[in-house]
Amino acid sequence: MIVVGLDKDLRLAKSIAQKAKAAFSKAVVTRFPDSEIKVCIPDNISKKKVAIVKSLFPANDSIMEVLFTAKTCRELGAKKIILVCPYLAYMRQDIAFHKGEAVSAKIMADLLSRYVDVLVTVDPHLHRIKSLGSIFKIKAVKLSAVGLIAGFIKKNLRNVMIIGPDIESKQWDRKVAKLTHSAYIILKKHRKSSYNINLTFSRNMDVASKNIVIIDDIISTGRTLLKTIKHLKTQGPKSIYCFCTHGIFASDAAQKIRKIGARIISTNTIQNKYSFIDVSGIIAEALKKV
Ligand code: R5P
């Protein structure tokens, strides 16, 4: 197997290759002044199983990089093409919320299915679409950072209360709570727009003097967490930690969260300065089985 790394995900790709005991190749991406890109695969990949590592962030450019890379690998004679896409974008657009809207998650899955043979991803946002198998026409492997997050919490924190900011987060929070033997509460969220959300808090949230751990799959604008943190702070917790698998941190989201006194811990599905949890090990293990 050969792991092909692209752009901002080179570090993760190298680490995956090392752990999977696979060869590594760097795809060269050239950017033109008009925003077009060109991809070049300099190494010989003929008759090899190729694992392309690229998170879909930023979403649109990354999708083009992935498609160009996958198609080129196919033309260069790759035996099998695996797309390792630690962060799978567009999964939140899983229905037409209003008449006439594109269901982007399905379109994106359909597109990727045409170019690669297998998808490996981490904590995809599955909500109204219940499984990757229902939208991807190829084998799709869903990994989770839940075990790694729980391990981090067990090693570093005591007297923990886990908060899930919305119903979607229950799938991760419940598991982390079980693994860390902690209590958990799931809040109700109503999103009016990207920056405008309402959260419903239960009256007796026993958070005083506790280390609060808010866990979500994605931090994007940070508005979900900011609302949660602001409310929790009025209840006298000892500290507040925000965990996520995918740290997008649109605009100044991270600074805002830090400024109101919460700490951030994310995985490296999207590399950022809060990437304290490394997913390369679980991906390498999955690749050995594909
Ligand atoms: C959506 O339901 C996701 O699980 C996250 O809660 C959401 O993407 C967070 O977005 P933001 O940081 O923009 O509030």
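What you see is a predicted model; the values in this text were computed from it and never measured. Position labels on residues start from 1 in each chain and follow its written sequence. For this predicted model, a pLDDT threshold of at least 70 governs which residues receive local features, and a threshold of 80 or more governs which side-chain atom pairs are given and counted, while totals over whole chains, interfaces and linings are taken from all residues. Excluded from the side-chain calculation are hydrogens and water; included are all heavy atoms of the structure.

Can you lay out the overall build of the protein chain for me, pointing to particular residues and giving the numbers?
Secondary structure summary: the protein chain contains eight helices and 16 strands in total. Relative to the compact-globule value of 19 Å for 290 residues, the protein chain shows a C-alpha radius of gyration of 20 Å, a close match. The dimensions of the protein chain, computed from C-alpha atoms along their principal axes, are 60 × 45 × 35 Å. Counting across all 290 residues of the protein chain, residues that qualify as buried make up 52%. Contact between two residues is taken to exist if any of their heavy atoms lie within 4.5 Å; hydrogens are not considered. In the protein chain, 64% of the contacts between residues at least 6 apart in sequence involve partners at least 24 apart. What sets the accessible areas is the Shrake-Rupley method with a 1.4 Å probe; for residues, cover comes only from the shown protein chains. Surface summary for the protein chain: the accessible area is close to 13800 Å², and the carbon and sulfur share equals 52%. In this count, Lys and Arg are taken as positive residues and Asp and Glu as negative ones, while His and the chain termini are left out. For this purpose, a charge sits on NZ of Lys, CZ of Arg, CG of Asp or CD of Glu. Side chains of the protein chain give 50 positive and 22 negative charges; the mean places of these two sets differ by 7 Å. Where helices and strands are cited, they refer to DSSP runs of H or I of at least four residues and of E of at least two residues respectively, numbered from the N terminus. Just to be clear, the radius of gyration here is over C-alpha atoms, and the globule rule we use is 2.2 Å times residues to the power 0.38. Buried, partly exposed and exposed residues are distinguished by accessible area as a fraction of the type maximum, computed with a 1.4 Å probe on protein chains only: under 20%, between the cut-offs, and over 50%, respectively.

Tell me about the pairing of strand S3 (residues 28–31), and please be specific about residues and values.
Pairing between strands requires that DSSP locate at least two bridges from one strand to the other. Pairing analysis gives four bridges linking S3 to strand S4 (residues 37–40), with the strands arranged antiparallel. Bridge pairing in S4 places Thr30 opposite Lys38. If you look at the hairpin formed by S3 and S4, you'll find five residues sitting between the two strands, and Ser35 has a positive phi there, around 85°.

Residues and numbers for the layout of surface pockets, please.
Cavity and pocket criteria rest on a 1 Å grid covering protein atoms alone: a 1.4 Å probe that fits but cannot get out defines a cavity, protein on both sides within 12 Å along at least 5 of 7 lines defines an open pocket, and an atom within 4 Å of a point defines a lining residue. Grid points are joined across faces, edges and corners, and a volume is the space filled by probe spheres set on the points. Its boundaries defined by the atoms lining it, the largest pocket holds a volume of some 1000 Å³. Within the residue set of the lining of the largest pocket, elements represented by two or more residues are strand S11 (188–193), strand S13 (211–219) and helix H6 (223–233). The element that contributes the greatest number of residues to the lining of the largest pocket is S11, accounting for five residues. All amino acids are sorted into three groups, where Ala, Val, Leu, Ile, Met, Phe, Trp, Tyr, Cys and Pro are nonpolar, Asp, Glu, Lys and Arg are charged, and the leftover types, Gly among them, are polar. Of the residues that constitute the lining of the largest pocket, the class distribution is 16 nonpolar, eleven polar and eleven charged.

Explain the site of the ligand to me, and be specific about the residues and the numbers.
For this description, a residue counts as near a given molecule or strand if any of its non-hydrogen atoms is within 4 Å of it. The ligand sits among 15 residues. The nearest are Arg92, Asp216, Asp217, Thr221 and Thr224. For the purposes of these results, a polar contact is taken to be a pair of N or O atoms within 3.5 Å, where, inside protein, one atom must be able to donate a hydrogen and its partner to accept one; residues adjacent in sequence count only when each atom of the pair is a side-chain atom. One of the side-chain nitrogen or oxygen atoms of Glu168 is found 2.7 Å away from an oxygen atom of the ligand. Within the side chain of Thr221, one N or O atom sits 2.5 Å away from an oxygen atom of the ligand. Considering the ligand on its own, with 370 Å² of exposed area, one finds that the protein chains cover 96% of that surface. Element by element, the count of residues in the shell around the ligand is highest for S13, at four residues. Each residue belonging to the shell around the ligand can be placed in one class, and the counts come to two nonpolar, five polar and eight charged.

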